[in-house]
Amino acid sequence: QLLRHSVHVAAWVALLPEDAATKSSGISGFSPVSLLAKLLKHRGKGPLTPSFKGALRLVLARMERVYPNMASSSNNPWSSL
């Protein structure tokens, strides 16, 4: 169940407009980016399914495109990933 949700959230992060991906909303106050970071921390170790691996590749490509100098900018919401 957690893995299925993680795949969906990763897809949101990869495909939503940047402002929507980083905007906090709902009762919890999580943005899709911060929710994905939280889900990844709770996922634990183990093999990735092909769909989750594909979604994470899209997230990585998005991060590299949006923040090419990610390491030097720790104050952006994407740095938690």
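Everything below is about the structure printed above this text.
For the structure given in this document, a descriptive report is provided here. Keep in mind that what you see is a predicted model, and the values were worked out from it rather than measured. (Residues numbered from 1 in each chain as written. Predicted model: local features only at pLDDT ≥ 70, side-chain atom pairs only at ≥ 80, totals over all residues. Heavy atoms only, no water.)

1. Things to note about the overall build of the protein
Next, step 1: On a plain count of helices and strands, the protein comes out with 4 helices and 0 strands.
Next, step 2: Counting from the amino terminus, helix and strand elements in the protein follow one another as α-α-α-α.
Next, step 3: In the protein, which comprises 81 residues, the proportion classed as buried is 27%.
Next, step 4: Approximately 5,400 Å² of the protein is accessible, and the part contributed by carbon and sulfur atoms is 60%. (Helix = DSSP H or I, 4+ residues; strand = E, 2+ residues; numbered from the N terminus. Buried < 20%, exposed > 50% of the residue type's maximum accessible area, 1.4 Å probe, protein only. Areas by Shrake-Rupley, 256 points an atom, 1.4 Å probe, with all protein chains shown as cover.)

2. As for the nonpolar core
Next, step 1: In this structure, Val-9, Ala-10, Val-13, Val-33, Leu-36, Phe-52 and Val-59 are the most contacted members of the largest nonpolar core, which totals 13 residues.
Next, step 2: Only helix H1 (2–15), helix H3 (32–43) and helix H4 (50–66) provide two or more residues apiece to this core.
Next, step 3: Of all the elements, H1 adds the most residues to this core, at 5 residues. (Core = buried A, V, L, I, M, F, W, Y, C linked by side-chain atoms within 4.5 Å.)

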